[in-house]
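Chain by chain, the residues:
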Amino acid sequence: MSVLVIEGLDERKTKILKAIIKNYLDTGEPVGSRTISKYTDLHLSSATIRNEMSDLEELGYILQPHTSAGRIPSDKGYRFYVDNLIAEKNQEISDMQNFVIEHTEKMEKVLKSVAKLLANNTEYAAMITGPQYHHRKLKFIQLSNVDAGQLLCVIVLEGNVVKNKMLAVDEALNDEQLLKMNILLNTSLNGLSLEQINLGTIAALKDQAGAYSSLAADVLDAVAQALGEDEDLQIYTSGATNIFKYPELSNSEKASEFISAFEEKQMLANMITDKLENRGPGTGIQVYIGDESPIKTMKDCSVVTAAYELGEGVTGMIGIIGPKRMDYERVLHNLKNIKKQLDIIYHKDEKPAGG
């Protein structure tokens, strides 16, 4: 994260001032140059830091409560700290939203390409679902003023799923109040799943929120809703017309039923949801032949499915549908390769920690 440099302060002074304020907030004790030399990445001597602290005192950002004591922040110093934090947090949420949009668009493009590639390589019909997130955890919360009576609550979940919720408030919060609430919410809730947000967590958060306990309750409700919602299952298909290459599937009635089931996707969605929810360990690839097919209109087909995993709690399904006399070896080979490639693509595109 870049350092916000204010008029009259170069980057060195800015870093030293931030270190003084952070240390004072932690300890409540005046901060000396020797302490600051341990808290910054500037690798400066105590003498150099003392000179910089003298300049910061002349500029009005810090005070020396009495002779030979360390320094404490002035009101001007606190203003610097709050403005700096607000700028950083606003940039964080902007970066996160941009990443999510770009990542989502790229993943959709990748999955469509995968379906097309599988259909072309196997000469059967192919499908792939977007990743589903199970037992998600909260990653980030940001409250922002919209107008005097409304706040925008942006909730980012594990898997970079973004939810927006408008919250009504009796009066607008100023920047400092918003900052304190954002810090409190993220400190209390980040990394928790819905199951981990218990009564103790809720009571402690409301107590610390003080006058804003009702706002904290509204945010908790929004978080619970976001964590509890099931994402719409996205299914990408390709190659439905490949079935006409196989005489046993190409008569008009069978073809019509097959294409209808394949293109409308609801039956596919029901099958996939059931398989993802009920699959156990070691059931990555499944083969359904004839009457074993979960979809009645595909009883003259073989359906081969493979679950792919992109990380803890993130799963999806790939499927190949063709005649019972399909080339099973080639289908299984293609599915295994695609699973491996999806894992590489997903982890390559993950947002760097702290980004």
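None of the values given here were measured: they were computed from a predicted structure.

Rules used throughout
- Residues numbered from 1 in each chain as written.
- Predicted model: local features only at pLDDT ≥ 70, side-chain atom pairs only at ≥ 80, totals over all residues.
- Heavy atoms only, no water.
- pLDDT = per-residue confidence, 0-100.
- Contact = heavy atoms within 4.5 Å.
- Helix = DSSP H or I, 4+ residues; strand = E, 2+ residues; numbered from the N terminus.
- Expected span 1.5 Å × (residues − 1).
- Buried < 20%, exposed > 50% of the residue type's maximum accessible area, 1.4 Å probe, protein only.
- Arc of directions from axis to C-beta.
- Pairing = 2+ DSSP bridges.
- Axes fitted to C-alpha atoms, helices over the stretch in contact; angles between N-to-C directions.
- Polar contact = N/O pair within 3.5 Å; in protein donor to acceptor, adjacent residues only side chain to side chain.
- Salt bridge = Lys/Arg side-chain N within 4 Å of Asp/Glu carboxyl O.
- Phe/Tyr/Trp six-rings, centres within 6.5 Å; stacked < 30°, edge-to-face > 60°.
- Lys NZ or Arg CZ within 6 Å of the ring centre and 35° of its normal.
- Core = buried A, V, L, I, M, F, W, Y, C linked by side-chain atoms within 4.5 Å.

*Asks:* Please explain the confidence of the model for the protein as it appears in this structure.
*Replies:* Caution is warranted with low-pLDDT regions, since their predicted coordinates should not be read in detail. When pLDDT is averaged along the protein, the result is 79, and 82% of the positions lie at 70 or above. Counting contacts from residues 1-6, a segment whose pLDDT is below 50, to residues more than four positions away or on other chains yields 16 contacts. Ignoring residues within four places in sequence, the model shows residues 351-355, a span with pLDDT below 50, making three contacts including any to other chains.

*Asks:* Whenever I open this one, helix 3 (residues 46-58) confuses me. Can you help?
*Replies:* Think of an α-helix as 3.6 residues a turn; residues three or four steps apart then line up on the same face. For helix 3, spanning 13 residues, the distance from its first C-alpha to its last is 18 Å, which sits close to the expected 18 Å at 1.5 Å a residue. Inspection of helix 3 places Ile 49, Glu 52, Met 53 and Leu 56 among the buried residues, and these make up the whole buried set. End-on, the buried residues of helix 3 take up no more than an arc of 105°, which puts them together on one face. Facing away from the buried side of helix 3, by more than 90 degrees, are the exposed residues Asn 51 and Glu 58. Of the residues flanking the end of helix 3, it is Gly 60, one or two places downstream, whose phi is positive at about 90°.

*Asks:* I'm lost on the sheet that holds strand 5 (residues 138-147) in this one. Help?
*Replies:* For sheets, the rule is that strands pair by backbone hydrogen bonds, running either parallel or antiparallel. If you walk across this open sheet you meet the three strands as 5-6-7, and the pairing is antiparallel. The outermost strands of the open sheet, each flanked by one partner alone, are strand 5 and strand 7 (161-168). Here the average twist between neighbouring strands, direction ignored, is 20°. Relative to strand 7, strand 6 (residues 150-157) runs antiparallel, the two sharing eight bridges. Counterpart to Ile 155 in the pairing with strand 7 is Lys 163. Contacting strand 5 and strand 6, helix 5 (residues 175-189) crosses the sheet at an angle of about 160° to strand 5.

*Asks:* Whenever I open this one, the side chain of Glu 52 confuses me. Can you help?
*Replies:* Looking at where Glu 52 falls in the secondary structure, it is placed in helix 3. A distance of 2.9 Å separates polar atoms of two side chains, one belonging to Glu 52 and the other to Lys 13.

*Asks:* Hey, could you run me through the pattern of salt bridges in this one?
*Replies:* Where charged atoms of side chains with opposite charge meet at close range, the side chains can pair. With the rule as written, the count across this model stands at 10 salt bridges. Residue Glu 248 pairs with Arg 325 through a salt bridge whose shortest N-O separation is 2.7 Å. Residue Glu 248 is located in the loop between strand 8 (235-238) and helix 8 (252-264), and its partner Arg 325 is located in the loop between strand 11 (314-323) and helix 10 (328-348); the two are separated by 77 residues in the primary sequence. The partly exposed category is assigned to Glu 248, whose relative accessible area is 29%. Residue Arg 325 is classed as exposed on the basis of its relative accessible area of 54%. Asp 300 is paired through a salt bridge with Lys 299; the nearest N and O atoms lie 4.0 Å apart. Judged by relative accessible area, Lys 299 falls into the partly exposed class, the value being 43%.

*Asks:* Is there a simple way to explain unusual backbone geometry in this structure?
*Replies:* For residues that are not glycine, phi is negative in most cases, and the peptide bond is trans in most cases. The residue Glu 123 is not glycine, and still its phi comes out positive at about 65°. Looking at the element boundaries, Glu 123 is found in the loop between helix 4 (75-122) and strand 3 (125-129).

*Asks:* I would appreciate a short explanation of the packing of aromatic side chains in the present structure.
*Replies:* Following the criterion strictly, the structure yields two aromatic pairs and no others. Relative to Phe 80, the ring of Tyr 61 lies with its centre 6.4 Å away and its plane at 75°, an arrangement referred to as edge-to-face. Placement of Tyr 61 in the loop between helix 3 and strand 1 (62-63) and of Phe 80 in helix 4 is noted, with a sequence separation of 19 residues between them. Residue classification places Tyr 61 among the buried positions, given a relative accessible area of 5%. It is Lys 76 that lies over the ring of Tyr 61; its NZ or CZ is 4.6 Å from the centre.

*Asks:* Help me understand the environment of Lys 340 in this model?
*Replies:* Looking at the element boundaries, Lys 340 is found in helix 10. Lys 340 sits 32 residues away from Tyr 308 along the chain, and the two C-alpha atoms are 8.6 Å apart.

*Asks:* Any chance you could explain the nonpolar core here in plain terms?
*Replies:* Within the largest apolar cluster, 28 residues are counted, with the highest numbers of intra-cluster contacts made by Leu 143, Met 181, Leu 189, Leu 215 and Val 219. Those elements that provide at least two residues to this core are strand 5, strand 6, strand 7, helix 5, helix 6 (199-209) and helix 7 (213-228). By residue number, the principal contributor to this core is helix 7, which donates eight residues. Setting aside chain neighbours within four positions, we find Leu 143 in contact with Leu 151, Leu 152, Cys 153, Leu 167, Leu 178, Met 181, Asn 182, Leu 185, Leu 215 and Val 219.

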